[in-house]
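# Structure assessment
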Amino acid sequence: RAAIPAGTVVSVWSDAETMARVAKASEPLGTVEQHIVTVPPGQHYAVQTAAFVDEVGIAVRQDATMLMLGPDNFWGDGSLGNLLAIAAETNACFAVPHVRVDQDLFMRLLAAIRQS
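Residues numbered from 1 in each chain as written. Predicted model: local features only at pLDDT ≥ 70, side-chain atom pairs only at ≥ 80, totals over all residues. Heavy atoms only, no water.

### Notes on the overall build of the chain
A tally of helices and strands in the chain yields 4 helices and 2 strands. For the C-alpha atoms alone, the extent of the chain along its principal axes is close to 45 × 40 × 25 Å. The 116 residues of the chain split such that 12% are buried. Counting only contacts in the chain whose residues sit at least 6 apart along the sequence, the fraction spanning at least 24 positions is 29%. As displayed, the chain offers around 9,500 Å² of accessible surface, 58% of which is attributable to carbon and sulfur atoms. (Helix = DSSP H or I, 4+ residues; strand = E, 2+ residues; numbered from the N terminus. Buried < 20%, exposed > 50% of the residue type's maximum accessible area, 1.4 Å probe, protein only. Contact = heavy atoms within 4.5 Å. Areas by Shrake-Rupley, 256 points an atom, 1.4 Å probe, with all protein chains shown as cover.)

See below:
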């Protein structure tokens, strides 16, 4: 959280059922903008793409840095600060695959690290 710049806007896209919980969890990161979506059957990717295009457009128009975070992303200490220090002022777009983990194995290893 220390690396998150003041004035950060957290744009949360979720369904009505989970929005309150997701928005509350996002409050420590910055000002939360809520976008409630309804996903017609079979349209998950279309809805995700439309949300992404909207957010990219906002970032371009506001000349803002945009960082896309999914619910299954894990960040190590210092990684966001280093990313912002290297890339935030470059006027460039960086795309990297999100690291995904086996949840059961990850949680066991995390518990072991906490105990040591």
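Having put the structure on the table, let's press on.
### A short note on the pairing of strand β2 (residues 31-36)
With 6 bridges joining them, strand β1 (residues 9-14) and β2 adopt parallel strand pairing. Across the sheet, the residue bridging to Val 10 is Val 32, located in β2. A crossover links β1 with its parallel partner β2, the connecting element being helix α1 (residues 16-26), and its sense is right-handed. (Pairing = 2+ DSSP bridges. Right-handed = clockwise from strand over helix to strand, strands pointing away.)

### Notes on the environment of Gln 43
Note on placement: Gln 43 falls in the loop between β2 and α2 (44-61). The spacing of Gln 43 and Ala 23 is 20 residues in sequence and 23 Å in space, taken between C-alpha atoms.

### Here we look at unusual backbone geometry
In this model, Asp 63 sits at a positive phi of 50 degrees, which is unusual for a non-glycine residue. The topology assignment puts Asp 63 in the loop between α2 and α3 (79-87).

### A few points about the side chain of Ser 26
As for its placement among the helices and strands, Ser 26 is situated in helix α1. Not counting the four nearest positions on each side in its chain, Ser 26 is found in contact with Val 10, Val 12 and Val 32.

### Re the side chain of Ser 14
Position of Ser 14 relative to the elements: it lies in strand β1. Beyond its immediate chain neighbours, meaning those up to four positions away, Ser 14 contacts Met 19, Val 22, His 35, Ile 36 and Val 37.

### Side note on helix α4 (residues 103-115)
Over its 13 residues, α4 runs 18 Å from end to end, which matches the ideal 18 Å to within 8%, given 1.5 Å per residue. The N-terminus of α4 is capped by Asp 102, whose side-chain oxygen sits 3.1 Å from the backbone nitrogen of Asp 104. (Expected span 1.5 Å × (residues − 1). Polar contact = N/O pair within 3.5 Å; in protein donor to acceptor, adjacent residues only side chain to side chain.)

### Some details on the environment of Val 60
Relative to the helices and strands, Val 60 is located in helix α2. In sequence terms Val 60 and Ala 46 are 14 residues apart; their C-alpha atoms lie 21 Å from each other.

### Focus: a nonpolar patch on the surface
Nonpolar side chains collect at one region of the surface, where Phe 52, Val 53, Val 56, Val 60, Met 66 and Met 68 lie side by side and expose about 520 Å² of accessible area between them. Mapped onto the elements, Val 56 comes out in helix α2. Val 56 gets classed as partly exposed once you look at its relative accessible area, which sits at 31%. (Patch = residues over 30% accessible without salt bridge, like charges linked within 9 Å, V, L, I, M, F, W, Y side chains within 5 Å. Salt bridge = Lys/Arg side-chain N within 4 Å of Asp/Glu carboxyl O.)

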